[in-house]
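For reference, the chains in residue letters:
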Amino acid sequence: MDATVKTHLIAQEPKAPAKPLVLWRPTATTGLISWLTTVDHKRIGFLYGVFALFFFLVGGVEALLIRAQLMFPNNNVLTAQQYNTMFTMHGTTMIFLAVMPLSSAFFNFIMPLQIGARDVAFPRLNAFSLWTFVAGAIVINIGWFHPGGAPDGGWFGYAPLTSKQFIPRHSIDFWVMGLQLLGVASIAAALNFIVTIINMRAPGMTMMRLPVFTWMTLITSFLIILSFPAITIALVELMMDRQFGTNFFEVSNGGMPILWQHLFWVFGHPEVYILILPAMGIVSEILPTFSRKPLFGYPIVVFSGACIGFLGFAVWSHHMFTTGMGTVATAAFALATMAIAVPTGVKIFNWIGTLWGGHLRMRTPMMFALGFVWMFMIGGFSGVMHAAAPADSQQQDSYFVIAHFHYVLIGGSLFALLAGIHYWFPLMFGRKVSEFWGKLSFWVIFIGFNVTFFPMHFLGLNGMPRRTFTYDGNMGWNTPNFIASIGAFTLGIGIAIYFAVMIYTYFKGEKVGRDPWDGRTLEWSISSPPPAYNFAVTPTVHARDAFWYEKHHKEEIAKENAEHAKAEREHGGIHMPHQSIYPFIASVGMLIGALASSALDSNAGQHKLAFAITGGVIMLVGIFLWSLEGADGYHLHLDKDGKIVEDPHAKH
Amino acid sequence: MRLFSLPPRSARRASFGLAGRFALVVSALSLLSGCDFNFWRMDGPQSTIDVAGPVAHSQLQVFYTTVWVTLTIFVLVAAVLTYATFKFRARSDADEHAEPPEQSHGNPLVELGLIGASVLALVIIAVPTLRGIWFTYDVPEAEKENAYHVTAQGYQWWFRFEYNNEQIENVGQLTTSNELVIPAGRPVRIDLRGMDVIHSFWVPRLAGKVDMIPNRANHLWLKADEPGYFWGQCAEYCGDSHAVMRFRVIALAPREFNEWLEQQTSAARAVQAVAGAEQTKAQFASYRTDWKRNEAGYDPNFDLNPLENWKQKQFPEKNENPALVAKGRELFQAKTCFSCHVVRGHFVGGSAAYPDLTHFGSRTTVGAGLLENNSEQLARWLRHPNEVKPGNKMWTEGYQKNNIHLTEDDIGALVAYLESLK
Amino acid sequence: MSSPAVSGPIDHHQDVTTSTGIPNKKLLMWAFLASDCMFFGTLISTHLVYRLYPPAGNPNPTEIFDIALTSFSTFILLMSSLMMALAVNAIQKGNLRSMRFSLLTTAFFGAIFLGCQVYEFWHFVVEKKMTITNSILGTTFFTLTGTHGLHVLIGVVWLMSMYFYSFSGRVGRKEAIDVETMGLYWHFVDIVWIVIFTAVYLLEYL
């Protein structure tokens with residue numbers, strides 16, 4: 001692209017003043033309204049993070065209750081139904097309400113900074129994703145406060161158990177509608193990220209100069225837009241069965257429950273990579289930074305990420321090796337699954353290659369990142385064991401599988417996300433976590449995690465099935481279960497320390513300036529916490545580790561930036577998007593609609609249809625006003641120190 | 001005959017307790033819960049390691065292959081990672097502020113070499129995997145003739161077994177519940193059917209699981225090399241009481257198996273009243289009533305020689321009280337039990353969707369492999385099925401719908417009657 | 001791709017300055033359509049799976065379908081795509097009047113298609129006794145074609161909104177991208193219908 005040709009289009013400044021059709025253009029910068037109407041990717045990322053960490057704690061409490069029940073044989077802490085609710089909600093919460101939004105928090109906060117953008121491509125759509133995510137989280141959890149109860153059909157919701165015949169309670173409706181909203185939120189956010197990464201890179205930021213985390217964001221986003229439709233349609237079909245009496249999974253009319261499994265896992269397996277790829281991206285940022293050398297084999301790491309994403313769509317049936325698919329299908333999916341081990345292994349090799357010859361600084365983020373490599377390796381190896389279908393027929397739905405995916409999801413995803421919080425905390429809040437407390441929390445979490453999940457390998461091989469609320473004392477399962485529970489409480493303490501330290505640091509932590517880790521990517525080039533406009537001057541990228549290059553070519557960059565700053569001033573200054581309330585209103589409409597259709601019962605004289613239509617109308621009004629108010633914004637002008645010299649809202 | 005046996009625990013615990021400081025701390029903690037440290041041997045009743053048939057054996061071999069290959073890679077990679085971590089660690093402040101190392105970007109040769117090596121390692125796993133897939137799928141051609149056919153059906157939350165080859169006049173094929181008796185040394189081909197939701201048929205020591213899915217014809221095959229008593233369990237979440245949906249497989253030598261078939265195909269046993277008025281007077285036993293939820297329903301002694309105990313169960317009990325049995329039989333009708341449960345020769349009103357009780361007394365478990373079948377546990381089950389197995393149909397569709405209330409005397413009589421059904 | 005040294009300012013809310021040169025809105029729509037492909041792919045697979053394994057007692061589709069009417073509505077929908085293309089062309093040249101006419105015709109054709117579908121549904125339910133609950137065929141057929149109908153309805157509402165909005169004087173050459181994006185959506189809905197028409201209707205007559 002050659003922007004010089006297009007300057008005539010940009011030179012149409014000043015823009016038309018605020019349009020008469022617009023009812024309200026919020027300008028608050030503090031207070032509740034500012035948060036509800038924000039379109040700033042950093043604030044949205046922060047909110048994603050806060051909600052995700054809250055639900056992470058909720059899911060953690062559910063996990064501890066599960067472990068309390070299983071601590072002893074024939075134990076009696078929870079009833080069968082409570083236990084089934086706990087594991088359903090633990091899975092659903094951790095996947096959809098904790099790990100995914102926590103990744104999303106980093107996508108939002110970090111990715112635009114890494115590509116040198118001032119915001120995402122569609123700031124208001126971004127706000128809509130956030131609030132729709134919150135709406136979905138509310139619907140899924142509303143069952144705790146409703147006589148229908150919280151969902152208890154398993155996070156996988158296999159038909160026909162989830163049909164009205166077997167679970168007539170509203171619990172499944174909450175799960176269905178909640179996941180639908182989360183699907184909408186995820187797809188909208190992913191579309192936004194795709195456009196942002198492809199279209200909003202700073203000059204010189206070619207695709208092969210993108211930081212690996214941004215690459216993984218892009219791949220994850222593609223996985224989301226291509227895999228979520230499958231579960232959305234599956235949920236629509238289940239919803240129609242439950243609400244309108246259709247026959248998708250109705251066995252007596254010829255419905256095939258196996259279809260649900262296929263649709264669910266066509267989504268479910270890419271979902272696994274949606275959870276792990278961002279984590280791999282974070283680790284691929286942290287290891288080079290703290291080794292003080294570039295990522296080993298960048299093109300191969302990127303390519304293997306894409307490869308994992310692509311192959312991820314071809315292996316879903318390895319979750320169904322026990323469903324009697326026949327020999328050929330089983331063999332094909334087994335081989336495809338093994339093939340995925342290659343790009344995954346390649347990443348591990350490259351991370352070790354990154355360490356090799358570096359100057360490793362053992363800061364807390366580095367500890368978590370190394371913990372990730374170790375734990376992910378173990379989880380990956382037990383994954384290869386599942387790929388061997390005959391072995392899997394013994395391991396499927398046993399505690400061996402639980403051990404495997406917790407090594408991948410806690411030891412993998414979560415360790416990397418916790419590393420990411422430590423790593424980017426100074427950038428986000430301008431404060432740094434104490435190394436002592438950070439490392440202490442790491443070791444408690446690391447030990448607690450291993451003590452919890454390593455014994456589960458033995459449990460699984462010794463025949464203990466998953467999702468069982470009780471077991472007898474004569475099965476040889478007592479000791480591993482007891483150890484696992486002790487480990488779980490240790491892990492809980494570790495997480496508690498981690499959170500306490502983070503909260504303390506947020507308010508009272510040691511203040512740090514720009515770039516405390518000697519970072520390599522563009523996000524470290526701005527002051528912390530980052531200003532609303534991110535970059536005083538849109539950076540120009542000359543190399544893969546853009547900021548590292550800047551630091552070693554200071555004069556050249558300073559000269560270039562000065563020129564660009566001048567040009568930008570001449571063309572009207574920094575463009576900022578307006579805040580908007582309409583995305584929030586549209587999400588509220590969806591929340592009302594989803595609550596009405598899941599929690600109300602038209603037979604019981606409740607006005608289900610009326611409330612559902614009200615929700616729909618609110619949503620439509622929100623969307624119409626959203627499009628009518630337009631995507632325009634205002635301009636900022638900065639002085640030499642980066643201070644805003646004009647009141648941004650005075651102009652219009 | 002090789003049955004699973006519980007190892008002599010106390011001796012091993014002592015020898016293992018010395019293994020290290022950490023182990024001591026943990027063992028001190030675990031003594032509180034009566035733990036043992038044999039779990040790493042993984043030889044429990046549902047072990048996938050301590051296998052007893054060719055299918056499970058083949059699956060185990062594939063597993064071992066994956067273990068050795070991945071363990072080798074793990075050791076190599078972990079060694080390099082450990083070395084790199086320590087070798088290149090910044091040890092001092094000076095180290096940290098030294099000039100940054102060479103900014104190298106990778107080495108294509110090393111990377112391609114490693115990719116090639118991983119592909120090779122996977123081929124080592126893939127070959128036995130493929131062989132295992134075909135072997136475990138169906139009975140081998142050479143043994144097809146000899147295979148014994150059974151159909152297993154999964155209901156919420158129990159198993160029903162149909163013996164397709166054993167026809168009973170005027171009734172149809174032989175059916176049993178929750179205890180599958182098979183001939184040892186012969187391949188058994190089991191057709192799997194899900195009757196309401198998805199269940200999964202899993203007897204770890206004999207074969208990996210295959211799901212029982214509604215509207216889908218699945219099957220598996222297994223073979224018990226020797227006679228034995230095997231624990232099985234539903235392995236797909238199927239609702240409230242999934243955890244207590246269990247079953248047993250009993251493998252018998254050919255002659256014993258035929259004897260068993262003969263006994264099962266005959267109608268339910270009728271207890272004859274014995275002469276002498278005093279003996280026939282109904283003597284009510286008193287049973288424990290203070291069961292806690294999820295309290296263990298088995299006797300540790302049973303596990304020491306389960307197959308022998310199962311065999312004992314095939315014979316009528318010595319101290320039967322004919323009058324009590326007769327009273328129980330009346331109650332079985334009066335309390336509408338017969339409208340669901342078949343007792344061939346006594347009551348025919350039942351349906352296939354509920355367990356057949358014709359030879360109930362010869363089974364070793366009650367409530368789908370959950371409780372041991374003895375008077376005490378049976379009384380516990382009858383008194384309050386929902387406490388034992390939440391949401392079960394005997395409670396929701398039987399006791400609740402038909403407003404059934406049982407006194408302790410009723411329970412005593414029903415227990416006597418049911419236990420007499422050998 | 002961006003050239004390494006760009007002298008102009010970067011205004012991210014002017015689509016023309018994007019890294020690839022493709023406007024953001026257009027890229028968003030393309031990505032969304034990729035996602036929508038998967039939605040329809042899932043629904044069509046569900047329908048086809050149940051056509052491959054029809055349960056006993058499933059009605060015979062050829063006795064229910066009215067292929068003449070559906071062919072007609074398919075033709076109308078294809079014609080609407082032509083009008084949509086004309087509308088995009090008109091606004092790119094700044095011809096507002098011509099665009100309005102084409103938009104209206106597109107929406108009108110879309111409405112005819114919807115009318116045919118409503119009639120078809122009514123006909124199937126009342127006269128052929130195939131409802132969404134009484135057979136698998138009814139379940140998958142009504143869900144699939146109904147979802148498509150919903151897409152057409154959204155398209156018609158969008159077209160009409162744009163039509164009325166164009167009278168506000170705020171639609172000009174610069175907003176051509178908005179009409180073009182809408183056009184992408186409309187063409188996609190048409191293409192999906194061709195796939196559905198082939199898979200659901202025509203295949204039954206082979």
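Here is what the cut-offs are and how they apply
Residues numbered from 1 in each chain as written. Chains lettered and ligands numbered in written order. Predicted model: local features only at pLDDT ≥ 70, side-chain atom pairs only at ≥ 80, totals over all residues. Heavy atoms only, no water. Helix = DSSP H or I, 4+ residues; strand = E, 2+ residues; numbered from the N terminus. Buried < 20%, exposed > 50% of the residue type's maximum accessible area, 1.4 Å probe, protein only. Contact = heavy atoms within 4.5 Å. Areas by Shrake-Rupley, 256 points an atom, 1.4 Å probe, with all protein chains shown as cover. Rg over C-alpha atoms; globule rule 2.2 N^0.38 Å. Lys, Arg positive; Asp, Glu negative; His and termini not counted. Charge placed at Lys NZ, Arg CZ, Asp CG, Glu CD. Pairing = 2+ DSSP bridges. Core = buried A, V, L, I, M, F, W, Y, C linked by side-chain atoms within 4.5 Å. Salt bridge = Lys/Arg side-chain N within 4 Å of Asp/Glu carboxyl O. Axes fitted to C-alpha atoms, helices over the stretch in contact; angles between N-to-C directions. Buried area = accessible area lost by both parts, 1.4 Å probe. Nonpolar A, V, L, I, M, F, W, Y, C, P; charged D, E, K, R; others polar. pLDDT = per-residue confidence, 0-100. Parallel < 35°, antiparallel > 145°, perpendicular 65-115°, else oblique. Left-handed = near helix turned anticlockwise from the far one by under 90°. 1 Å grid on protein atoms, 1.4 Å probe; cavity = no way out; pocket = protein on both sides within 12 Å on 5 of 7 lines; lining within 4 Å. Points joined across faces, edges and corners; volume = space filled by probe spheres on them. Disulfide = S-S within 2.5 Å. Phe/Tyr/Trp six-rings, centres within 6.5 Å; stacked < 30°, edge-to-face > 60°. Lys NZ or Arg CZ within 6 Å of the ring centre and 35° of its normal.

Chemist: Explain the overall build of chain B here, please?
Modeler: What chain B contains, in helices and strands, is 14 helices and 12 strands. Expressed as a percentage of the 422 residues in chain B, the buried residues total 53%. Considering only residue pairs separated by 6 or more positions, chain B has 68% of its internal contacts joining residues 24 or more positions apart. Summed over all atoms, the accessible surface of chain B reaches about 18800 Å², with 57% contributed by carbon and sulfur.

Chemist: How do you make sense of the overall build of chain A when you look at a structure like this?
Modeler: In terms of regular secondary structure, chain A is built from 19 helices and 4 strands. In terms of C-alpha radius of gyration, chain A reaches 25 Å, essentially the compact-globule figure of 26 Å for 652 residues. When contacts within chain A are restricted to residue pairs at least 6 apart in sequence, those whose partners lie at least 24 apart make up 82%. For chain A, the accessible surface area stands at approximately 19600 Å², while carbon and sulfur atoms represent 70% of it. For chain A, the centre of its 38 positive side-chain charges and the centre of its 35 negative side-chain charges are spaced 5 Å apart.

Chemist: In this structure, what is going on with the arrangement of the chains? I would like to understand it.
Modeler: Once contacts are tallied for each of the 2 pairs of chains in contact, the highest total is for chains A and B. The closest approach of any C-alpha atom in chain B to one in chain C is 10 Å; the two make no contact.

Chemist: Is there a simple way to think about the pairing of strand 4 (residues 179-183) of chain B in this case?
Modeler: On a regular strand, one side chain projects to one face of the sheet and the next to the other, so that they alternate. Residue and element names in this part refer to chain B. In terms of burial, strand 4 is a largely internal element, 5 of the 5 residues being buried. Of the two faces of strand 4, the one lined by E179, V181 and P183 and the one lined by L180 and I182 are each fully buried. Two elements, strand 4 and strand 10 (residues 246-252), share 5 bridges in a ladder whose sense is parallel. Residue pairing across strands places E179 opposite R248, the latter belonging to strand 10.

Chemist: Sorry, what's going on with the pairing of strand 2 (residues 158-168) of chain B here?
Modeler: All names here are of chain B. Of all 11 residues in strand 2, 8 are buried, a share of seventy percent or more. With 5 bridges connecting them, strand 1 (residues 148-155) and strand 2 associate as antiparallel partners. Following the sheet pairing, Q153 is matched in strand 2 by R160. Once strand 1 ends, the chain turns through 2 residues before running back antiparallel as strand 2. In this structure, the hairpin formed by strand 2 and strand 3 (residues 172-177) is closed by a connection of 3 residues, where N170 is found at a positive phi of approximately 65°.

Chemist: Got a minute to help me understand the nonpolar core in this structure?
Modeler: Generally speaking, a soluble globular protein has its nonpolar side chains buried in company with each other. One finds F96(A), W260(A), F372(A), F415(A), W424(A), Y163(B) and F201(B) to be the most contacted residues of the largest nonpolar core, which totals 347 residues. Sorting elements by how many residues they give to this core places helix 4 (residues 80-114) of chain A first, with 20 residues. Within the second largest apolar cluster, 23 residues are counted, among which are V342(A), M385(A), V51(B) and A126(B).

Chemist: Before we go on, may I ask you to explain the pattern of salt bridges in this structure?
Modeler: Oppositely charged side chains can form a pair if their charged atoms are brought close together. Residues and elements named next belong to chain A. Under the counting rule described, the total for this entry stands at 34 salt bridges over all chains. Ionic pairing is found between D173 and R242, a salt bridge with its closest N-O pair at 2.8 Å. In this pair, D173 sits in helix 6 (residues 171-199) while R242 sits in helix 7 (residues 212-244), placing the two residues 69 residues apart along the sequence. Residue D173 is classed as buried on the basis of its relative accessible area, which comes to 4%. Taking the relative accessible area as the measure of exposure, R242 reaches 4% and is therefore buried. Between D518 and R292 there is a salt bridge, and its shortest N-O distance comes to 3.1 Å. Within this pair, whereas D518 is found in the loop between strand 2 (510-511) and helix 16 (546-552), its partner R292 is found in the loop between helix 8 (257-291) and helix 9 (298-311), the two being separated by 226 residues in sequence. Neither residue differs from the other here; D518 and R292 are each classed as buried. Ionic contacts of the salt-bridge type, sharing partners, join the residues R292, D515, D518 and K551 into one network.

Chemist: It is not clear to me how the sheet that holds strand 2 of chain B should be interpreted in this structure. Could you clarify?
Modeler: The strands making up a sheet are joined through hydrogen bonds of the backbone, oriented either antiparallel or parallel. All names here are of chain B. Pairing in this open sheet of 5 strands is mixed, and the strands run 3-2-1-5-8 from one edge to the other. Bordering the open sheet on either side are strand 3 and strand 8 (218-222), each of which pairs with just one other strand. Across the sheet, the mean angle from the axis of one strand to that of its neighbour is 30°, orientation sign disregarded.

Chemist: What is the right way to look at the interface of chain B and chain A in this model?
Modeler: Taken together, the contact pairs 101 residues of chain B with 110 residues of chain A. Buried surface at the junction of chain B and chain A, both sides included, amounts to about 9000 Å², of which 68% is carbon and sulfur. The tally of links between chain B and chain A comes to 2 salt bridges. Salt-bridge contacts for E236(B) lead to R467(A); the nearest nitrogen and oxygen are separated by 3.8 Å. Put simply, the parts of the chain that give the side of chain B that touches chain A at least two residues each are helix 2 (21-31), helix 3 (54-87), helix 4 (93-96), helix 5 (108-137), strand 7 (207-212) and strand 9 (228-234) of chain B. Element by element, the count of residues in the side of chain B that touches chain A is highest for helix 3 of chain B, at 17 residues. Counted by class, the side of chain B that touches chain A contains 55 nonpolar, 28 polar and 18 charged residues.

Chemist: Can you walk me through the confidence of the model for chain A in this structure?
Modeler: Note that predicted coordinates carrying low pLDDT should not be read in detail. The pLDDT averaged across chain A works out to 91; a share of 95% of its residues lies at or above 70. Low pLDDT (under 50) marks residues 1-21 of chain A, which in the prediction has 28 contacts with non-local residues, meaning those over four places away or in another chain.

Chemist: Sorry, what's going on with the sheet that holds strand 10 of chain B here?
Modeler: Residues and elements named next belong to chain B. Pairing is mixed in the open sheet, where 5 strands are placed in the order 4-10-9-6-7. A single partner strand is all that each edge strand has here, and the edge strands are strand 4 and strand 7. Across this sheet, the average inter-strand angle for adjacent strands is 20°, counted without regard to direction.

Chemist: Explain the packing of helix 7 of chain A against helix 8 of chain A here, please?
Modeler: How two helices sit against one another is set out by the angle between their axes and by the gap between those axes. Residues and elements named next belong to chain A. The interhelical angle for the contact between helix 7 and helix 8, taken along N-to-C directions, is 160°, at an axis separation of 8 Å. When the axis of helix 7 is compared with that of helix 8, the two are roughly antiparallel. For the pair helix 7 and helix 8, the sense of crossing is left-handed. Considered class by class, the residues forming the contact of helix 7 with helix 8 number 24 nonpolar, 4 polar and 3 charged.

Chemist: What is the right way to read empty space enclosed by the protein from this model?
Modeler: Residues and elements named next belong to chain A. Counted by the stated rule, this structure contains 13 cavities of 30 Å³ or more. A volume near 180 Å³ is recorded for the largest cavity. For the largest cavity, the lining is made up of 19 residues, of which M100, P101, S104, S186 and I224 are closest to its centre. Within the residue set of the lining of the largest cavity, elements represented by two or more residues are helix 4, helix 6, helix 7 and helix 8.

Chemist: Hey, could you run me through the side chain of H578(A) in this one?
Modeler: Residues and elements named next belong to chain A. Here H578 is to be found in the loop between strand 3 (574-577) and helix 18 (582-599). Taking the relative accessible area as the measure of exposure, H578 reaches 9% and is therefore buried. In contact with H578, other than residues within four places in its own chain, are R25, V39, D632, G633 and Y634.

Chemist: In this structure, what is going on with the environment of M160(C)? I would like to understand it.
Modeler: All names here are of chain C. Summarising the element assignment, M160 is placed in helix 5 (residues 136-165). Assessed through its relative accessible area of 23%, M160 is described here as partly exposed. For the pair M160 and A68, spaced 92 residues apart in sequence, the C-alpha separation works out to 29 Å. Discounting chain neighbours no more than four positions away, the residues touching M160 are L104 and A107.

Chemist: How should unusual backbone geometry be read in this particular structure?
Modeler: The phi torsion of most residues other than glycine is negative, and most of the peptide bonds are trans. Cis peptide bonds are those with omega within 30 degrees of zero, and the linkage from A159(A) to P160(A) qualifies with 0°. Inspection of the secondary structure assignment puts P160(A) in the loop between helix 5 (123-141) and helix 6. With an omega dihedral of -10°, the bond running from Q156(B) to W157(B) counts as a cis peptide bond. By the element assignment, W157(B) lies in the loop between strand 1 and strand 2. Here D515(A), not a glycine, exhibits a phi torsion of approximately 55°, which is positive. Exposure remark for D515(A): the relative accessible area of 17% places this residue in the buried category. Positioned with a positive phi, M42(B) is a non-glycine residue whose angle comes to about 50°.

Chemist: Whenever I open this one, the state of the cysteines confuses me. Can you help?
Modeler: One covalent bond between the sulfur atoms of two cysteine residues makes up a disulfide. Evaluation of the coordinates by the stated rule reveals 0 disulfides over all chains. C337(B) supplies the cysteine sulfur nearest to C340(B), a cysteine that is in no disulfide, at a spacing of 8.7 Å.

Chemist: Would you mind going over the packing of aromatic side chains with me for this structure?
Modeler: Ring pairs (aromatic) are described by centroid distance and by the angle formed between their planes. If you walk through the whole model with that rule in mind, you get 95 aromatic pairs over all chains. Ring geometry for W193(C) and Y201(C): centres 6.1 Å apart, planes at 55°, overall tilted. There is no split in this pair, since W193(C) and Y201(C) are both buried. Above the plane of the ring of W35(A) lies R43(A), whose end atom (NZ or CZ) is 4.2 Å from the centre. A cation over a ring is seen here: R520(A) above W548(A), with NZ or CZ 4.1 Å from the ring centre.

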